Amino acid sequence: MRKPMIAGNWKLHKTLDEACGLVSEIIPAVASNQDVEIVVAPVFTALSKVAEILSGSNIKLAAQNCYPEPQGAFTGEVSPLFLKDVGCHYVIIGHSERRQIFGETNDFINAKARALADAGLGTIFCIGETLEERESDQMFDVLRHQVRLGLKNLSTEQMSNVVIAYEPIWAIGTGVTASDEQAQEAHAFIRALVKELYNPKVADATRILYGGSVKPGNVDGLMTQPDVDGALVGGASLKAADFARIVNFEKV
Ligand code: PEP
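The residue count restarts for each chain, going from 1 along the sequence in the order it is written. Under the rules for a predicted model, residues below a pLDDT of 70 receive no local features and side-chain atom pairs below 80 are neither given nor counted, while totals for whole chains, interfaces and linings still include all residues. Processing note: side-chain calculations cover all non-hydrogen atoms of the structure and skip hydrogens and water entirely.

Side chains G230 and L232 of strand β8 (residues 230-233) all project onto a buried face; the interleaved residues A231 and V233 project onto the opposite face, where all are buried too. Bridge count between strand β1 (residues 5-9) and β8: four bridges; the pairing is parallel. Bridge pairing links A7 to L232 in β8. The rule is simple: take the accessible area with a 1.4 Å probe, protein chains only, and divide by the maximum for that residue type; under 20% is buried, over 50% is exposed, in between is partly exposed. Numbering of helices and strands runs from the N terminus; a helix is a DSSP stretch of H or I covering at least four residues, while a strand is a stretch of E covering at least two. Note on pairing: two strands pair once DSSP finds at least 2 bridges between them.

Quick look at the structure:
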């Protein structure tokens, strides 16, 4: 049985005070929900303080990025070791904004995945196709390539700490969501791929989140799909009431 996960990616939003305010509003709104693994990912500068506020709550902390080397002469970078140190449980890697704006390659993302596995941190590993790739029938090839390279050399045991987030790029921050059927089709494909690369047990246990304009109004239909195990939420995670409604989704 896969426990659903709802994770909020705050991106480059919320100053320290705002982040503390937001998380303080979210905590009571989701406190009674023990059925969902709830995660928030603030900016680096808010992690330590938000970790203090989250202490004793049912919400886990994530970072939005990491560097694969543990420490050294890497000016401006933050590694899994340091993220664990401030109380992170998860780190998001492979987000399309990092791939597109910062030119991150599948190999670099794989180095991060391996570093996170070595550090014993959970990984939220994002993949997804552009509209052009979808419309030219390359979607499955793109997803296969991203999964194969991104998870290369991760052992069966290490896969238990990996959550995959399918985020079609055309749906991120656009207000356009994949239909329930489009999400299910992609998720079923990704699960079959994990089965092929690992085994049926790993495929059955791996959670696959959907990301891309998830809102209170569309989460219930998405979460009713058999292979959709949760959501990675951008914009709607910045409003406590919306995020709480998404966390407290109802299957239809
Ligand atoms: C995201 O950035 O991971 C995301 C899914 O954003 P949004 O929900 O705003 O589309």
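All right, on to the site of the ligand then. Put simply, a residue is near a molecule or strand once any heavy atom of it comes within 4 Å of that molecule or strand. Taken together, 14 residues form the shell around the ligand, and within it K11, E167, G173, S213 and G234 come nearest. In the model, an oxygen atom of the ligand is placed 2.8 Å from a nitrogen or oxygen of the H95 side chain. Here a polar contact is taken to be a pair of N or O atoms separated by no more than 3.5 Å, where protein atoms must pair a possible hydrogen donor with a possible acceptor and residues adjacent in sequence count only if both atoms sit in side chains. E167 is positioned such that a nitrogen or oxygen atom in its side chain is 2.7 Å from an oxygen atom of the ligand. Method for areas: the Shrake-Rupley scheme with a 1.4 Å probe, in which residue coverage is limited to the protein chains shown. Alone, the ligand offers 290 Å² of accessible surface; in the complex the protein occludes 97% of this. The residue inventory of the shell around the ligand, partitioned by class, reads four nonpolar, eight polar and two charged. Just so you know the grouping, Ala, Val, Leu, Ile, Met, Phe, Trp, Tyr, Cys and Pro go in nonpolar, Asp, Glu, Lys and Arg go in charged, and all remaining residues, Gly too, go in polar.

Right, let's get into the packing of helix α7 (residues 139-150) against helix α8 (residues 180-197). Axis definition: a line fitted to C-alpha atoms, over the contacting stretch in the case of helices. Angles run 0 to 180 degrees between N-to-C directions. Close contact between α7 and α8 brings their axes to 11 Å; oriented N to C, the two are set at 45 degrees. Taken together, the axes of α7 and α8 are oblique relative to one another. Where α7 crosses over α8, the two elements pack in a sense that is right-handed. Here M139, F140, L143, R144, V147 and R148 of α7 lie close against α8, whose contacting residues are E185, A186, F189, I190, L193, E196 and L197. Each angle receives one of four descriptions, namely roughly parallel if under 35 degrees, roughly antiparallel if over 145, roughly perpendicular if within 65 to 115, and oblique otherwise. Crossings are assigned a handedness: left-handed for a near helix turned anticlockwise from the far helix by less than a right angle, right-handed for a clockwise turn. Contact definition: two residues touch when any of their heavy atoms are within 4.5 Å.

Right, let's talk about the environment of P4 for a bit. As for its placement among the helices and strands, P4 is situated in the segment before β1. By relative accessible area, which is 18% here, P4 ends up buried. C-alpha of P4 to C-alpha of V36: the two residues are 32 residues apart in sequence and 5.1 Å apart in space. Apart from the residues lying within four places of it in its own chain, the contact partners of P4 are D35, V36, E37, R207, M223, D229 and F249.

Note on aromatic pairs: the rings of Phe, Tyr and Trp (six-membered ring only in Trp) are paired at centre separations within 6.5 Å, and the planes decide the class, stacked below 30 degrees, edge-to-face beyond 60, tilted for the rest. Within this structure, the stated rule accounts for four aromatic pairs. The interplanar angle of 50 degrees and the centroid separation of 4.6 Å between the aromatic rings of F140 and F189 together place this pair among those described as tilted. With F140 in helix α7 and F189 in helix α8, this pair connects stretches of sequence that are 49 residues apart. Given a relative accessible area of 17%, F189 falls into the buried group. An aromatic cluster is defined as three or more aromatic residues linked by ring pairs; in this entry it consists of Y67, F74 and F108. Criterion for a charge above a ring: Lys NZ or Arg CZ within 6 Å of the ring centre, and within 35 degrees of the ring normal. Positioned above the aromatic ring of F102 is the side chain of R98, whose terminal nitrogen or guanidinium carbon lies 4.1 Å from the ring centre.

Before going further, it helps to examine the state of the cysteines. A pair of cysteine sulfur atoms is labelled a disulfide when the two atoms are within 2.5 Å. The tally for this structure, following the rule as stated, stands at zero disulfides. The structure places no disulfide on C20, whose sulfur is separated from the nearest cysteine sulfur, that of C88, by 14 Å. Residue C20 is classed as buried on the basis of its relative accessible area of 13%.

Before going further, it helps to examine the environment of E25. Its place among the elements puts E25 in helix α1 (residues 16-30). Expressed as a C-alpha distance, the spacing of E25 and L154, which sit 129 residues apart in the sequence, is 37 Å.

Let us now look at the nonpolar core. One broad rule of soluble globular proteins: the nonpolar side chains tend to lie buried together. Among buried residues, the Ala, Val, Leu, Ile, Met, Phe, Trp, Tyr and Cys ones that are joined through side-chain atoms within 4.5 Å form a nonpolar core. I6, I26, V40, L151, I164, I190 and Y210 are the most contacted members of the largest nonpolar core, which totals 70 residues. Excluding anything up to four places from it in sequence, I26 contacts W10, V40, I59, S237, A240 and F243.

Glancing now at helix α5 (residues 106-119). Three- or four-residue spacings in an α-helix give side chains the same orientation, since the helix completes a turn every 3.6 residues. Helix span, expected: 1.5 Å multiplied by one less than the number of residues in the helix. Given a rise of 1.5 Å per residue, 14 residues ought to cover 20 Å, and the 20 Å separating the end C-alpha atoms of α5 matches this to within 8%. When we look at burial in α5, the residues that qualify are N106, I109, N110, K112, A113, A115, L116, A117 and A119. On its buried face, α5 sits against α3 (80-85), β4 (90-93), α4 (96-101), β5 (122-127) and α7. One or two residues past the end of α5 sits G120, with phi positive at roughly 75 degrees.

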